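This is what each chain is made of:
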Amino acid sequence: MIAVEEALERILSHIRPLGSEKVSILDALGRVISEDIYANRDIPPLDNSGMDGYAVRARDIQNASQDHPVRLKVIEDLRAGFVSQKTLRTGEAIRIMTGAPIPNGADTVVPVEDTEKGSGIVSVLKALQPGQNIRRAGEDVKKGERVISDGDLIRPAEVGMLASVGRSSVAVYQRPLVAILCTGDELVDVDGEVGEVKIVSSNSYTLAAQVKDCGAIPVQLGIARDRKEEIREKLGQGLRADVLISSAGVSVGDYDFVRDVLNDLGMKILFWKVAMRPGKPVTFGTIDGKPVFGLPGNPVSSMVSFEQFVRPSLLKMMGHRRIFRPVIEAILKEEIRKESGRRHFVRASVTFEEDHYFVTVTGDQGSGILRSMVKANGLVIIPEDREVVRAGEKVKVQLLDRNF
Ligand code: AMP
Ligand code: MG
């Protein structure tokens, strides 16, 4: 049995980012870019107006006020997207809209609010400094500047920046295909006949959902009965994917054949059993360099071990820099007791009240109790050596809910 960190370290040292593929910028949302992006132009391209108002010469209005308006002759009406052919002379103004290029001769824009319109003239009611209300060429982005770097996550702002510099498609890291096999004679698919003894293979769906939630692509291999040949055949198919996950059959039961089969398939085993709860009998190895996870069958053990080991791996393959869930400190609302020796991940609900995070346990912590996972938005991390954590103590909580 090894520690959680040691297990993670062994796994991540065998995980490499995948290659890249070109996608449209909207499809790049949520993906990690695999190239540097340099601006091919100044943004904005020209000095332009930051306001709807009048382009003027600051010197002409240096004595303007409410009591002493300065009257200027309006020689043109300029909209955004057009360039004035005129040069502003003393005593003149050009009506200008936000975003329109500053005409020659003008050095300031007076907002409409500080003017009064007359017939063919405008009265300016306020003095301004040269340059006021003008947005400079290149003030957002300068030509040649790096605006996005290899490894950056593409969010809506990055999509907009890519569009601004004229990129309709970009290279991003590929998403791994993740094959999922569930094993067990007791399992049927969601529409199958459960009768009196069978149960639905919920792990087939939780695992696929967890894979999808990371941004990777689940490949459902279905259910294998507890027969070596059947498990071997299906796991063999799974090796066409980038990552292989098998669920259940990794404990020490008489029908737990998964490790035997993985062994037959040539898996280089890097560990079996981690000092954690739930999720102890997890195993990891590689077959021809391909990562293979043998997760425990109990629904919550399966989910929690996925969270700790598979999710960071998939994120690393997709080029993410931040591969771990955020961990916060919260005040525990009730006592938690456990045996020392293993790290516990306790299903819990975090709330934010009066400047502090508080956390309460969501019920029965049995590794088959999915209900307490449904109610949870986080996992309280209780260190290996602790036996009691009292109400009011600060604890670390791994946040599971991205919308928290
Ligand atoms: P095992 O590791 O095969 O001993 O399974 C441990 C427990 O997890 C048993 O109670 C199984 O019925 C349950 N289990 C195994 N696979 C699944 C699955 N795919 N969906 C839901 N429960 C499962
Ligand atoms: Mg089983």
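These numbers come from a predicted model, not from an experiment.

## Concerning the sheet that holds strand E8 (residues 115–117)
Link 1 in the chain: Strands sit in the order E7-E4-E6-E5-E9-E8 across an open sheet of six strands; the sheet is mixed. The open sheet is flanked by strand E7 (108–111) and E8, the only strands paired with a single partner. Going from strand to strand, the sheet's axes swing by 40 degrees on average, the running direction of each strand aside.
Link 2 in the chain: Sheet analysis places strand E4 (residues 53–56) next to E7, joined by four bridges and oriented antiparallel. Note on E7: the bridge partner recorded for Gly-53 is Pro-111.

## Side note on the domain arrangement of the chain
Link 1 in the chain: By the assigned domains, the chain splits into domain 1 (4–17 + 175–317), domain 2 (20–43 + 139–173), domain 3 (48–135) and domain 4 (327–399).
Link 2 in the chain: The straight-line distance from the C-alpha centre of domain 1 to that of domain 2 is 35 Å.

## Structural notes on the site of ligand 1
Link 1 in the chain: Around ligand 1, the surrounding shell holds 14 residues, and the nearest of these are Glu-186, Ser-201, Gly-249, Gly-297 and Asn-298.
Link 2 in the chain: With respect to ligand 1, the backbone of Ser-202 contributes an N or O atom lying 3.2 Å from a nitrogen atom.
Link 3 in the chain: Between ligand 1 and Asn-203, the relevant distance is 3.2 Å, taken from a nitrogen atom to a main-chain nitrogen or oxygen of the residue.
Link 4 in the chain: Going through the elements one at a time, strand E15 (199–200) and helix H3 (202–214) are the ones with two or more residues in the shell around ligand 1.
Link 5 in the chain: Classifying every residue of the shell around ligand 1 gives six nonpolar, six polar and two charged.

Definitions and limits used
Residues numbered from 1 in each chain as written. Chains lettered and ligands numbered in written order. Predicted model: local features only at pLDDT ≥ 70, side-chain atom pairs only at ≥ 80, totals over all residues. Heavy atoms only, no water. Pairing = 2+ DSSP bridges. Helix = DSSP H or I, 4+ residues; strand = E, 2+ residues; numbered from the N terminus. Axes fitted to C-alpha atoms, helices over the stretch in contact; angles between N-to-C directions. Domains from an automatic or database assignment. Near = heavy atom within 4 Å. Polar contact = N/O pair within 3.5 Å; in protein donor to acceptor, adjacent residues only side chain to side chain. Nonpolar A, V, L, I, M, F, W, Y, C, P; charged D, E, K, R; others polar.

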